[in-house]
Amino acid sequence: MVVSYPSTSRRQEVRVVNPVESPAPATTKATILVVDDEPSLRETISYALRRDGFNVEVAAEGHRALTIARERKPDLVVLDVMLPGLDGLQVCRALRKESSVPILMLSARGEELDRVLGLEIGADDYLTKPFAMRELIARIKANLRRVQIESDRNAMQPASTSGIAIGDLRIDPEARRARVNGADLALKPREFDLLLYLAQHQDRVVSRDQVLRDVWGHEMSIDTRTVDVHIRWLRQKLAESGGQVPSIETSRKVGYRLSLADAD
């Protein structure tokens, strides 16, 4: 199936490969908000998701997407970068200020800057057009599975009075809070997960692939720059905390290590 965009400088032909064929119904009725201004692509995605057992809400522009997200509380948002009026990056930024809902962004070929910006402002995943419909649904399920795993892990985690202490940094896994000298670090959910993971592997190098697997929960290969972007945010917040905190060191071509430098 080929969906052709109108002729503009940034729109490109999108080939949706391998539409879903008679999949088994999903075991839960998760609600997916699909935001795209191209009716044919929006309808194709919606149809495939409904056949796979999802509830689907749709929006063709950014303001409407925010209204639906606030009213319907979807379990995941599929969000195109290019939207009329309020674009996908602005919608992503607005959602992140008030919600931790997983956001999967769609970006046309050649829009690498948009993909990186999407990750920087809080998107959880992205998919480049053209894409296989099966891959889109697989990524949606992977993100939903990650959220469920995190929820189950938090519910089953025994109470802890100590948490993790590294210098002036205190991490409370149960409360999902990180503090420096008693002051909370303003961390997004994924940033907290990443900090906790690095702290649990203190002084050990962990590869980007390990982080993607254990923190993001993806079984498929995605761009490791996702990790790099979140590492940059985390470094900045730790550096601005004002205490004696661990630093995130880069092991070239390998990964990252969280270490506390000896005090002078």
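Description of the pairing of strand β14 (residues 255–259)
Working step 1: For β14, a buried count of 4 out of 5 residues is recorded, marking the element as mostly surrounded by other parts of the structure.
Working step 2: Where strand β13 (residues 247–251) lies against β14, 5 bridges are found, and the strand directions are antiparallel. Bridging across to β14, T250 finds its partner in Y256.
Working step 3: Taking the residues between adjacent antiparallel strands as the criterion, β13 and β14 are bridged by 3 residues, where K253 takes a positive phi near 65°.

Looking at helix α6 (residues 189–200)
Working step 1: Counted at 1.5 Å a residue, the expected span for α6 with its 12 residues is 16 Å, and the 17 Å between its end C-alpha atoms agrees.
Working step 2: With 10 of its 12 residues buried, α6 lies for the most part within the structure.
Working step 3: All of the buried residues along α6 are R190, E191, F192, D193, L194, L195, L196, Y197, L198 and A199.

Let's talk about the environment of D184
Working step 1: Inspection of the secondary structure assignment puts D184 in strand β11 (residues 183–184).
Working step 2: You can call D184 partly exposed: its relative accessible area is 46%.
Working step 3: C-alpha of D184 to C-alpha of I171: the two residues are 13 residues apart in sequence and 9.9 Å apart in space.
Working step 4: Once residues lying within four places of it in the same chain are set aside, the contact partners of D184 are R177, A178 and R179.
Working step 5: A polar contact is formed between the side chain of D184 and the side chain of R177, at a distance of 2.8 Å.
Working step 6: A polar side-chain atom of D184 sits 3.1 Å from a polar atom in the side chain of R179.

Some points on the pattern of salt bridges
Working step 1: A complete count under the given rule lists 17 salt bridges for this structure.
Working step 2: Here D124 ties to R190 by a salt bridge, and the two come within 2.9 Å at their closest N and O atoms. Of this pair, D124 sits in the loop between α4 (112–120) and β7 (125–128) while R190 sits in helix α6, and the two are 66 residues apart along the sequence.
Working step 3: For R190, a relative accessible area of 6% corresponds to the buried category.

Quick notes on the confidence of the model for the protein chain
Working step 1: Considering every residue of the protein chain, the mean pLDDT works out to 82; 78% of them sit at 70 or more.
Working step 2: Considering each helix and strand of the protein chain separately, the mean pLDDT is smallest for strand β1 (residues 2–3), with a value of 44, and largest for strand β3 (residues 31–35), with 98.
Working step 3: The low-confidence segment residues 1–14, where pLDDT is below 50, has 37 contacts with residues more than four positions distant or belonging to other chains.
Working step 4: Here residues 18–27 scores under 50 on pLDDT; set against residues more than four positions off or in separate chains, the count is 19 contacts.

Topic: the sheet that holds β3
Working step 1: A sheet is described by the order of its strands in space; here 5 strands give the open sequence β4-β3-β5-β6-β7, paired in parallel fashion. Of all strands in the sheet, those bounded by a partner on one side alone are β4 (55–59) and β7. Shown here is a sheet whose adjacent strand axes are inclined to one another by a mean of 20°, direction ignored.
Working step 2: The sheet contact formed by strand β6 (residues 103–107) and β7 spans 4 bridges and is parallel. Bridge assignment links L104 to a residue of β7, and that residue is D125.
Working step 3: Taken strand by strand, helix α3 (residues 88–98) contacts β5 (76–80) and β6, and its axis lies near 170° from that of β6.

Regarding the sheet that holds β14
Working step 1: Strand order in the open sheet made by the 3 strands is β12-β14-β13, with antiparallel pairing throughout. Because the sheet does not close on itself, it has two edges, and the strands there are β12 (206–207) and β13.
Working step 2: Sheet topology note: the β12/β14 ladder contains 2 bridges and is antiparallel. Each bridged residue has a counterpart across the sheet, and for S207 the counterpart in β14 is G255.

Calculation rules
Residues numbered from 1 in each chain as written. Predicted model: local features only at pLDDT ≥ 70, side-chain atom pairs only at ≥ 80, totals over all residues. Heavy atoms only, no water. Buried < 20%, exposed > 50% of the residue type's maximum accessible area, 1.4 Å probe, protein only. Helix = DSSP H or I, 4+ residues; strand = E, 2+ residues; numbered from the N terminus. Pairing = 2+ DSSP bridges. Expected span 1.5 Å × (residues − 1). Contact = heavy atoms within 4.5 Å. Polar contact = N/O pair within 3.5 Å; in protein donor to acceptor, adjacent residues only side chain to side chain. Salt bridge = Lys/Arg side-chain N within 4 Å of Asp/Glu carboxyl O. pLDDT = per-residue confidence, 0-100. Axes fitted to C-alpha atoms, helices over the stretch in contact; angles between N-to-C directions.

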